[in-house]
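# A look at the structure
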Amino acid sequence: MKGRMRPYLPELTIRDYNIYLRYLRGVRRQLYEAYGLYSCHLLRSNGVLFAILSDSLAGRQATCQRKRVPGTLAWRRLMCQTQGIRLAAQVEVLLGWHNLQDRKYSELRPLKRLRRAVDRLLLRRAYERAVQENPALERLFVQERDQAVVQMNLSAKNYSLAAEPMSNIYGALYSTLATDDPSQRKSMRYIGSSIGRIFYLLDKAERFEMDKSSGRYNVFVVNDLRGQAAAVENARRQALAAANDPIRVYSMLDIKLNRGLLDNIMLLGLHHAVEPLEAGAERENWEIP
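A brief structural summary. Just so it is clear, the model here is predicted, and its values are computed rather than measured. (Residues numbered from 1 in each chain as written. Predicted model: local features only at pLDDT ≥ 70, side-chain atom pairs only at ≥ 80, totals over all residues. Heavy atoms only, no water.)

### Some words on the overall build of the chain
Summing up its helical and strand segments, the chain has 11 helices and 2 strands in all. Each principal axis of the C-alpha atoms in the chain carries an extent, and together these give about 55 × 45 × 40 Å. When contacts within the chain are restricted to residue pairs at least 6 apart in sequence, those whose partners lie at least 24 apart make up 71%. Positive and negative side-chain charges in the chain, numbering 45 and 30 respectively, have mean positions lying 5 Å apart. (Helix = DSSP H or I, 4+ residues; strand = E, 2+ residues; numbered from the N terminus. Contact = heavy atoms within 4.5 Å. Lys, Arg positive; Asp, Glu negative; His and termini not counted. Charge placed at Lys NZ, Arg CZ, Asp CG, Glu CD.)

### Side note on helix H10 (residues 228-251)
Counting along an α-helix, one turn takes 3.6 residues, and residues three or four places apart therefore face a common direction. With 24 residues, H10 extends 35 Å from end C-alpha to end C-alpha; this agrees with the ideal 34 Å at 1.5 Å per step. Residues Ala231, Asn234, Ala235, Gln238, Ala239, Ala242, Ala243, Pro246, Val249 and Tyr250 constitute the buried set of H10. Of the surrounding secondary structure, the elements contacted by the buried residues of H10 are helix H6 (159-176), helix H7 (182-206), helix H8 (208-214), helix H9 (219-222) and helix H11 (259-274). (Expected span 1.5 Å × (residues − 1). Buried < 20%, exposed > 50% of the residue type's maximum accessible area, 1.4 Å probe, protein only.)

### Notes on helix H1 (residues 14-35)
Taking 1.5 Å per residue as the helical rise, H1 with its 22 residues ought to reach 32 Å, and the 31 Å between its terminal C-alpha atoms agrees with that figure. Phi turns positive one or two residues past the end of H1, at Gly36, with a value near 100°.

### Quick word on the pattern of salt bridges
Inspection of the entire model under this criterion finds 10 salt bridges. For the salt bridge of Glu33 with Lys67, the shortest nitrogen-to-oxygen distance reads 3.8 Å. Of this pair, Glu33 sits in helix H1 while Lys67 sits in strand E1 (residues 63-68), and the two are 34 residues apart along the sequence. A salt bridge links Glu133 to Arg129; the nearest nitrogen and oxygen atoms lie 3.3 Å apart. Remark: Arg129 and Glu133 occur in helix H4 (residues 110-133); sequence separation between them is 4 residues, near one turn of the helix. On the accessibility criterion, Glu133 (39% relative accessible area) is partly exposed. (Salt bridge = Lys/Arg side-chain N within 4 Å of Asp/Glu carboxyl O.)

### Things to note about unusual backbone geometry
Leave glycine aside and you will find that most residues have negative phi; peptide bonds, for their part, are mostly trans. Look at Gln81: it is not a glycine, yet its phi comes out positive at around 60°. As for its placement among the helices and strands, Gln81 is situated in the loop between strand E2 (75-80) and helix H3 (83-100). The class for Gln81 is exposed, based on a relative accessible area of 54%. Even without being glycine, Asn258 reaches a positive phi, approximately 60°. A residue is classified by how much of its surface remains accessible, and Asn258, at 17% relative accessible area, is buried.

Listed below in structure tokens is the structure:
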């Protein structure tokens, strides 16, 4: 359950850049206040996108305040006090916790086993609190994990079938960001499903050699692809096709705020995540104290 979507910096305006940074800090501050400092290291770009999408679709204007950035002594302007930011923090905690369960201890090196044990110990309280606050969200992750186990046991060769569990959970997550309009929810579910499929394929291609050596199910391994380079090329080709699918649906969304920023992320940012548009742009450090 990995994959990051963030703005494509070369085409980002200064205004949208500042909005994105303030949401980034706002989600981090929410993680710190609600779940403790250690939970802040779970923050990935997906949570920031969830917050911006949720607030922008609903037309909720975030409150911008000057607060201390968690883990630093710097005081910066950040977004706060919105439903989207609270939901994003819950998603980050639950995603981070379930990513810890993504691989067996026997498949990890000793140092990573120790890190896994420390993470589980220090994040358990944050995870339990997030489950208590949003039990429906936790049920989505449990269902996805059960579906993934079924696919692993089947050793399915069909790429769409293998990607279905992650596609379903991303579809459900994105649909929760929409307003009460049924058509809006349907559109968001379709967009999320496409994004989930993209990141499933890219993640499995990157794990090709690791999964092959450990005997773990990998859809590219069971299709007898010749090496990781072939798997990555196959995944990228399928992901590019999948990235074109939600463009028409996204263009019809009623986005009330931050349209320029979201266009950058959902169109250029998604394409850049699949096939880099510029060398080195993926290494940009977005957190500026």
